[in-house]
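# Report on the structure
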Number of protein chains: 2
Amino acid sequence: MDEKMARGKVSIVGCGLIGSYWGTLFASAGYNVCLYDISAEKIEAAKKSIEKKLRLLEIDDLLRGPGTASEQFKNVSSTLDLAECLAGSIYCQESTTESEQSKKEIFSKMDELASDDLILASSTSTIPASHFTERLKRRSQCLVSHPINPPLFIPLVEIVPSPWTSEDVVMRTCAVMRTIGQSPVRLQREIVGFALNRIQFAIIAEAWRLVKEGVLSPEDVDIVMKDGLGPRYAFYGPLGVMHMNANGIEDYMNRFAGGMVNVLRDLGPTPTFEESEARTMVTEALNAEMPVSRMAEFVADRERRLAELCKLKKRFDAEAQNGL
Amino acid sequence: MDEKMARGKVSIVGCGLIGSYWGTLFASAGYNVCLYDISAEKIEAAKKSIEKKLRLLEIDDLLRGPGTASEQFKNVSSTLDLAECLAGSIYCQESTTESEQSKKEIFSKMDELASDDLILASSTSTIPASHFTERLKRRSQCLVSHPINPPLFIPLVEIVPSPWTSEDVVMRTCAVMRTIGQSPVRLQREIVGFALNRIQFAIIAEAWRLVKEGVLSPEDVDIVMKDGLGPRYAFYGPLGVMHMNANGIEDYMNRFAGGMVNVLRDLGPTPTFEESEARTMVTEALNAEMPVSRMAEFVADRERRLAELCKLKKRFDAEAQNGL
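Under an unreviewed UniProt entry, the name given to chain A is Lambda-crystallin, and the source organism is Ascaris suum. The Sequence similarities (unreviewed entry) comment attached to chain A in UniProt states, word for word, "Belongs to the 3-hydroxyacyl-CoA dehydrogenase family."

Set out below in structure tokens:
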């Protein structure tokens, strides 16, 4: 059986920016993708975006499965009927409005229409599945599958089951993510901010305090990351960096744990982000560096940079697998 | 006048790993580098390392100035006499043992030997210059110039003046760092952990708590960074990422500041890093992934990855300067 055909049907519910990224990823891996939205215009825009992004992935040799971009795009269909979208599907990725009420409504509808085998995954970045699936009869089939922006070039997906999500659904979701070349990480339980944003916000909090306390300018805080910590983090996590910055992590801990605790105890209180002086400085610096009027250009440039980094990491991964 | 000759003489005091990295950077930019150590063996090892690393930079087209690696290496000399090392030098980078006592001793000696124009910079990652220069007659010429590992491929240098460092010395140090292709960031005052380690330790603290609380495995915590946050941070700082993940940073703040505060308030207390279960899990995971016995190999592999990222960033910087 043809590997591509074996991939089956996937439902994309909600065709905004995130939905169209998901559609691109699934089509690129050889799935039959069915787009759903209440707006025909949004569906058309998503289709155009998917077609264009598949071609860009093809140029960068970053398609996730066999076939050409135009062959893969032929597997993208759409409907304004949610039942039709979900019929015969093995996996549904929901990316509608980010509000608890909106998630409750769409999941309640999907609950009525889903088959026993259909996974119902939400792209929400902030709302645990338990907040909008508790009363559903298919609540064991629901969970969060949170992508990172921009998902075509950032492989992480946070898989966050609710207390009643079945283990089988969690495992199958991780497996599906791997088939599209994404990198799923499974949280053992629901936690505010999931994992990525907890770490990201801890970084932002200290960056903000350094500006607020007058230690660094906003520009310099960003330089500390992009020219200092960031290059290592493109390839290694914080634990890996510790391990390699000493003779292993035990050595690191023996030498630096006390110093780390001293520094951590010196960090200031949680910022409100309403400190007006810091807010003005940060806003002015960023608007000067990247004027909002030209944002589309900066976002496109970011995708090009991240695509090149993906190609680089892919090359190193291939070398590592060949035992180099 | 030949640009290379104009660069003048630089003193490298202490020829361990960090000293030899500095020697490489300065030689690569066309400076006359004079190495000093109390151990002739260390000096010889540093010279070998500098020669080898200049050749590797040459292959990657990452030399910082004109001339070939072998021409640049000809400008590297050495001495066991500190006075000879400092004579006629414009900038001294000290990288001896990381202890307050050791810094006091070497800075006290350099204080006696330095000319009026010589900058005395320490590579210390943890000890503010005020702790070891207060009683020196040339204390206004002293400051911290903290490199990040591995400095050949991580451009950030934290410039941390003491309360009595002269403004002229701070400015000249930043200028010197730019001549060797490094990216200086100037802290407005001494602060525990400087800037980079405050941010790094905030990351490590949350990574550690996620493992300790059983939310993520150590492997998955590292995946959250390297496949999630890290790729963006290779090119953008935390403020830049906020700006681009919304329609500018004001929009980001209006939409997400409240959510950030909620997440930040949920972060647990400062870890001691002595929590035995977490420590065992983290140690076992890292040792399995990168056995300490093969550390040299992993460190060399990291340099190759970071060198490729440097080349990539250099290409994008050149494009940006050409107005693309």
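## Things to note about the overall build of chain A
Tallying secondary structure elements over chain A gives 14 helices and eight strands in all. Against the globule reference of 20 Å for 324 residues, chain A gives a C-alpha radius of gyration of 22 Å, in line with a compact fold. Each principal axis of the C-alpha distribution contributes one length, and for chain A these read about 55 × 50 × 45 Å. With 324 residues in all, chain A has 60% of them scored as buried. Contacts in chain A between residues far apart in sequence, at least 24 positions, make up 68% of those at least 6 positions apart. Taken as a whole, chain A presents about 13,000 Å² of accessible surface, with 51% of it coming from carbon and sulfur.

## Considering the sheet that holds strand 8 (residues 183-186) of chain A
Whether parallel or antiparallel, the strands of a sheet pair through hydrogen bonds between backbone atoms. All names here are of chain A. Read from one edge of the open sheet, eight strands run 3-2-1-4-5-6-7-8, paired in mixed fashion. The open sheet has two edge strands, strand 3 (76-79) and strand 8, and neither has a second partner. Geometrically, the sheet is characterised by an average inter-axis angle of 25° between neighbouring strands, direction not taken into account. Two strands pair when backbone bridges link them, and strand 1 (residues 9-13) and strand 2 (residues 32-36) are joined in this way by five bridges, in the parallel orientation. Counted as the bridge partner of S11 is C34 from strand 2.

## Section: empty space enclosed by the protein
Inspection of every chain in the model, using the stated rule, returns one cavity of 30 Å³ or more. A volume near 30 Å³ is recorded for the largest cavity. What lines the largest cavity is simply A:Y236, A:G237, A:G240, B:D222, B:K226, B:E289 and B:M290.

## Description of the domain arrangement of chain A
Reports of interface size often rely on the accessible area that becomes lost once the parts have come together. Structurally, chain A comprises domain 1 (3-186) and domain 2 (197-289). Spacing between the C-alpha centres of domain 1 of chain A and domain 2 of chain A amounts to 33 Å.

## Quick look at the UniProt feature "domain: 3-hydroxyacyl-CoA dehydrogenase NAD binding" (unreviewed entry) in chain A
Within the UniProt annotation, "domain: 3-hydroxyacyl-CoA dehydrogenase NAD binding" (unreviewed entry) is assigned to residues 9-188 of chain A. The span residues 9-188 of chain A carries 41% helix and 22% strand; its end-to-end C-alpha distance comes to 28 Å.

## Description of the UniProt feature "domain: 3-hydroxyacyl-CoA dehydrogenase C-terminal" (unreviewed entry) in chain A
As recorded in UniProt, the feature "domain: 3-hydroxyacyl-CoA dehydrogenase C-terminal" (unreviewed entry) lies at residues 193-246 of chain A. Secondary structure across residues 193-246 of chain A comprises 74% helix and 0% strand; the distance between its end C-alpha atoms is 31 Å.

## Side note on the relation of the copies chain A and chain B
Overlay of chain A on chain B (RMSD 0.0 Å): rotation 180°, translation along the axis 0.0 Å. The transformation just described matches what one would write down for a two-fold rotation axis. The share of interface residues of chain A whose copies in chain B are also at the interface is 100%, consistent with both copies meeting through the same surface.

## Digging into the interface of chain A and chain B
Listed as interface residues are 102 residues of chain A and, on the opposing side, 102 residues of chain B. Between chain A and chain B the total buried area reaches about 10,200 Å² when both faces are included, carbon and sulfur atoms providing 70% of it. Contact with chain B buries area across many residues of chain A, yet A:L239, A:M244 and A:R305 alone supply 7% of it, more than any other trio. Along the contact surface separating chain A from chain B lie 12 salt bridges. Between B:E319 and A:R304 there is a salt bridge, with the nearest N and O atoms lying 2.8 Å from each other. The interface formed by chain A and chain B holds 35 residue pairs in polar contact (both at pLDDT 80 or more) in total.

## Observations regarding the packing of aromatic side chains
Residues and elements named next belong to chain B. Applying the stated criterion across every chain yields a total of 16 aromatic pairs over all chains. With centroids separated by 5.2 Å and ring planes inclined at 70°, the aromatic side chains of W208 and F273 adopt a geometry described as edge-to-face. With W208 in helix 9 (residues 196-212) and F273 in the loop between helix 12 (249-266) and helix 13 (276-289), the pair connects residues that are 65 residues apart, well separated along the chain. Of the two residues examined, W208 and F273, each falls in the buried class. Positioned above the aromatic ring of W164, the side-chain terminus of R139 is 4.2 Å from the ring centre. Positioned above the aromatic ring of F316 is the side chain of R315, whose terminal nitrogen or guanidinium carbon lies 5.9 Å from the ring centre.

## Some details on the nonpolar core
Counting residues in each nonpolar core, the largest one holds 227 residues, and the members touching the most others are A:F26 and B:F26. If we ignore the near neighbours within four places in the chain, the residues touching B:F26 are B:V10, B:I12, B:Y31, B:V33, B:Y91, B:V176, B:M177 and B:I180.

## Regarding the packing of helix 12 (residues 249-266) of chain A against helix 9 of chain B
Running from N to C, helix 12 of chain A and helix 9 of chain B cross one another at 105°; their axes reach a closest spacing of 10 Å. In terms of orientation, helix 12 of chain A and helix 9 of chain B fall into the roughly perpendicular class. For the pair formed by helix 12 of chain A and helix 9 of chain B, the contact residues are A:Y252, A:M253, A:G259, A:M260, A:V263, A:L264 and A:D266 on the first element and B:N197, B:R198, B:Q200, B:F201, B:A202, B:I204, B:A205 and B:W208 on the second. Among the residues making up the contact of helix 12 of chain A with helix 9 of chain B, the classes are represented as 10 nonpolar, three polar and two charged.

## Considerations on the state of the cysteines
As enumerated under the stated definition, the model contains zero disulfides over all chains in all. Cysteine A:C310 is unpaired, with the sulfur of B:C310 as its nearest cysteine sulfur at 18 Å. Classification of A:C310 by relative accessible area gives buried; the value is 18%.

Cut-offs and rules
Each chain has its residues counted from 1, running along the sequence as written. Just so you know, chain letters begin at A and ligand numbers begin at 1, following the order they were written in. In view of the model being predicted, local features appear only for residues whose pLDDT reaches at least 70, and side-chain atom pairs are presented and counted only at 80 or more, with totals across whole chains, interfaces and linings using the full set of residues. Only hydrogens and water are set aside; all other atoms, that is, all heavy atoms of the structure, feed into the side-chain values. UniProt positions are given in the numbering used here, feature names are shortened, and annotations may be inferred rather than shown by experiment. Put simply, DSSP H or I for four residues or longer makes a helix, DSSP E for two residues or longer makes a strand, and each gets a number counted from the N terminus. For the radius of gyration, the atoms used are the C-alpha atoms, and the globule rule reads 2.2 Å times the number of residues raised to 0.38. Exposure classes here rest on a 1.4 Å probe applied to the protein chains alone. A residue is buried below 20% of its type maximum, exposed above 50%, and partly exposed in between. In this analysis, two residues are considered to be in contact whenever any of their non-hydrogen atoms come within 4.5 Å of each other. Per-residue accessibility takes into account occlusion by the displayed protein chains alone, with areas from the Shrake-Rupley method and a 1.4 Å probe. In short, DSSP must find at least two bridges between two strands for them to pair. Between N-to-C directions, angles span 0 to 180 degrees; the directions come from axes that are lines fitted to C-alpha atoms, helices contributing only their stretch in contact. Buried and open spaces are told apart on a 1 Å grid over the protein atoms alone, a cavity being a set of points where a 1.4 Å probe fits but cannot get out and a pocket being an open set with protein on both sides within 12 Å along at least five of seven lines. Residues with an atom within 4 Å of a point are the lining residues. Grid points are joined across faces, edges and corners, and a volume is the space filled by probe spheres set on the points. Residue ranges labeled as domains rest on an automatic or database domain assignment. Overlaid copies result from least-squares superposition on C-alpha atoms, with residues included only where pLDDT is at least 70 in both. Buried area counts how much accessible surface, traced with a 1.4 Å probe, disappears from two parts once they are put together, with both parts' losses summed. Each reported salt bridge corresponds to a side-chain nitrogen of Lys or Arg within 4 Å of a carboxyl oxygen of Asp or Glu. Distance and chemistry together define a polar contact, namely a pair of N or O atoms within 3.5 Å, with one atom able to donate a hydrogen and the other to accept it when in protein, and with adjacent residues in sequence counting only for side-chain atoms on both sides. Each aromatic pair joins two rings of Phe, Tyr and Trp (for Trp, the six-membered one) with centres within 6.5 Å, and gets the label stacked for planes under 30 degrees apart, edge-to-face for over 60, and tilted for any other angle. Should the NZ of a Lys or the CZ of an Arg lie within 6 Å of a ring centre and within 35 degrees of the ring normal, that charge is described as sitting over the ring. For the purposes of this section, nonpolar cores are sets of buried Ala, Val, Leu, Ile, Met, Phe, Trp, Tyr and Cys residues that join through side-chain atoms within 4.5 Å. Roughly parallel refers to an angle under 35 degrees, roughly antiparallel to one over 145, roughly perpendicular to one between 65 and 115, and oblique to any angle outside these ranges. Three categories are distinguished: nonpolar for Ala, Val, Leu, Ile, Met, Phe, Trp, Tyr, Cys and Pro, charged for Asp, Glu, Lys and Arg, and polar for the others, with Gly belonging to the last. Criterion for a disulfide: a pair of cysteine sulfur atoms within 2.5 Å.

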